[in-house]
Amino acid sequence: MFGLEKAVGQQKLGRSGGFPNMASVGDFNVLSSSIPATKVELSVSCRNLLDRDTFSKSDPICVLYTQAIGNKEWREFGRTEVIDNTLNPDFVRKFIMDYFFEERENLRFDFYDVDSKSPNLSKHDFLGQMFCTLGEIVGSQGSRLEKSIVGIPGKKCGTVIVTAEELGCCRDSVLMQFCANKLDKKDFFGKSDPFLVFHRSNEDGSFTICHKTEVVKNTLNPVWQAFKISVRALCNGDYDRTIKVEVYDWDRDGSHDFIGEFTTSYRELSRGQSQFNVYEVINPKKKGKKKKYVNSGTVTLLSFLIETEVSFLDYIKGGTQINFTVAIDFTASNGNPSQPTSLHYMNPYQLNAYGMALKAVGEIIQDYDSDKMFPALGFGARLPPDGRVSHEFALNGNPQNPYCHGIDGVMEAYYRSLKSVQLYGPTNFAPVINHVARYAASVKDGSQYFILLIITDGVISDMAQTKESIVNASKLPMSIIIVGVGPAEFDAMEELDGDVVRISSRGKFAERDIVQFVPFRDYIDRSGNHVLSMARLAKDVLAEIPEQFLSYMRVRGIKPSPAPPPYTPPIHVLQTQI
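This one's a predicted model, so the numbers in the text were calculated from it and none came from an experiment.

**Quick word on the pattern of salt bridges**
Inference 1: Overall, the coordinates contain 21 salt bridges when judged by the stated rule.
Inference 2: Note that R416 and E412 form a salt bridge whose closest N and O atoms lie 3.8 Å from each other. With a gap of four residues between them, R416 and E412 both fall in helix α7 (residues 406–420), about one helical turn apart.
Inference 3: Close ionic contact of E495 with K467 constitutes a salt bridge, the shortest N to O distance being 2.5 Å. In this pair, E495 is assigned in helix α10 (residues 491–497) and K467 in helix α9 (residues 463–473), connecting sequence segments 28 residues apart.
Inference 4: Shared partners join several salt bridges into a network, and the residues in it are K359, E363 and D408.

**Some remarks on a negative patch on the surface**
Inference 1: A contiguous patch of negative charge on the surface is contributed by E489, D491, E494, D499 and D522.
Inference 2: By the secondary structure assignment, D491 is in helix α10.
Inference 3: Taking the relative accessible area as the measure of exposure, D491 reaches 56% and is therefore exposed.

**Section: the domain arrangement of the chain**
Inference 1: Entries for the chain in the domain assignment read domain 1 (38–167), domain 2 (172–308) and domain 3 (320–556).
Inference 2: Centre-to-centre separation of domain 1 and domain 3, based on C-alpha positions: 36 Å.
Inference 3: Taken together, the contacts link 13 residues of domain 1 with 14 residues of domain 3.
Inference 4: Here domain 1 packs against domain 3, burying approximately 1,300 Å² in sum over the two surfaces, 63% of which is carbon and sulfur.
Inference 5: Looking at the side of domain 1 facing domain 3, the largest losses of area belong to F101, E102 and R104, adding up to 53% of the total buried there.

**As for the side chain of D59**
Inference 1: By the element assignment, D59 lies in the loop between β1 (38–47) and β2 (60–67).
Inference 2: One buried charged side chain, D59, makes no salt bridge at all; its nearest oppositely charged neighbour is K57, positioned 10 Å away.
Inference 3: Among the polar contacts made by the side chain of D59, one reaches the main-chain amide nitrogen of N85 at a distance of 2.7 Å.

**Focus on the UniProt feature "domain: VWFA" (unreviewed entry) in the chain**
Inference 1: Residues annotated in UniProt with the feature "domain: VWFA" (unreviewed entry) correspond here to residues 323–524.
Inference 2: Secondary structure content for residues 323–524 is 29% helix and 26% strand, while the C-alpha to C-alpha distance between its ends is 28 Å.

**Comments concerning the pairing of strand β9 (residues 159–166)**
Inference 1: Two strands pair when backbone bridges link them, and β1 and β9 are joined in this way by eight bridges, in the antiparallel orientation. Residue pairing for β9: V40 is matched across the bridge by E166.

Analysis parameters
Residues numbered from 1 in each chain as written. Predicted model: local features only at pLDDT ≥ 70, side-chain atom pairs only at ≥ 80, totals over all residues. Heavy atoms only, no water. Salt bridge = Lys/Arg side-chain N within 4 Å of Asp/Glu carboxyl O. Helix = DSSP H or I, 4+ residues; strand = E, 2+ residues; numbered from the N terminus. Patch = residues over 30% accessible without salt bridge, like charges linked within 9 Å, V, L, I, M, F, W, Y side chains within 5 Å. Areas by Shrake-Rupley, 256 points an atom, 1.4 Å probe, with all protein chains shown as cover. Lys, Arg positive; Asp, Glu negative; His and termini not counted. Charge placed at Lys NZ, Arg CZ, Asp CG, Glu CD. Buried < 20%, exposed > 50% of the residue type's maximum accessible area, 1.4 Å probe, protein only. Domains from an automatic or database assignment. Contact = heavy atoms within 4.5 Å. Buried area = accessible area lost by both parts, 1.4 Å probe. Polar contact = N/O pair within 3.5 Å; in protein donor to acceptor, adjacent residues only side chain to side chain. UniProt positions renumbered as here; feature names shortened; annotations may be inferred. Pairing = 2+ DSSP bridges.

Below is the structure:
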């Protein structure tokens, strides 16, 4: 799964082999820093382009631009080949891009009719452009987006079809097992306690630790347990990239002794058990000092098995819909919305914290929801006309149909509610969680997955009921994101997050971790660049969703539906390729 089998951050190892500040091998965490995303390949075709040539048809090229998050500047990402004399090109050259579910990647496709060999685009005729996000392409049915080309007033510029295909190497994992023979003895009173450390090489020649085996005690001929690692973590999908393996003797105080090392590559390992996969363990220091030094033992690959993981994108491509529901805290502790100190203050010039969090998360998720209709709920307010307190009311005032069109529709309903309801209390989460859980319980076949975004100013009143709701919801196809706004202490939210201790209620533990909590204040950009800080907020709250989604599908044994058949464009006779 993308971005989720994250490789460990760079661990600098002294030549002596000591791991700084490492109490034991056991506390090695394979989830601590970012790994390249899934890669997707974009194919571009056009239909009915403008004809800019007098005596023949246009000679089109497609230029792709991506947008930097902070300054909104468009940068050229790449160009296709030029196809001569056609208004219906199917470009052969693909664009290969990193894909993160949790990031919004804005794209712009520009089309030109090429009139000369000049690489300068201003020398060629502009045929129009199309704007979209990478999520929009991936989230379209069959990961195929068809959109009108725009940009030349008063003219129909044709359509563009962009198809996304996930690259296969990104989701292979390998199951490997190693043993060693005649390793150097490092311990005074007994034999060595060996373990292996694997590193993948980076573009700049440095190494990043990516796996560590368990320690086998008191032997010079250890057999380690088989372990599974993603090909991306092992070699970043590059089969010929160097993999360095170091052999250590474990010491209780953390000053593990270096026995020796060897290098290999994914391609070599993939030959499986053979004479090619018996490696001499070399200690460079010993080799330099002793003329008769042969090696410090050997390490042998016992087995190598490739497994292909199904990915989040397989389900999206197979038609699984992501349903997004918003629940907003209307309790009195937020402060009077007409006062600038209120968290709900309606500033005509900029979004309040609720609006910013809602937009940041919603704009990414909406690409995966085909009808763009989102239920929007409020809790903790007194409603007109009779002032009854509600913990589950429709922001648009229609309990039978709480759906709003798009994130802008949700924002509009939120502002309307602020003018009509009275902020009150207490802060109860369970009713809105149960609201979404009722929907999720009715479709457990993997065709739909529900995400509930709760935005709150803090102190929760119904902790026991909320815990029970979360434990029950952990069996359903749903995830909960909680964004805490304002200055309150959010200790209870950290408990609901369940990252440290799995959440439980009445002795029952949650089947899976489905809650992600972040405090909004951690993302307030001191320089006032809200675009960047909201991109970081969205990244952090959404990064866990694909793995939560997959854990539900795995536990239930639900496989992705087959994607709709790929689009095959009609063949055009007049097509020459350079």
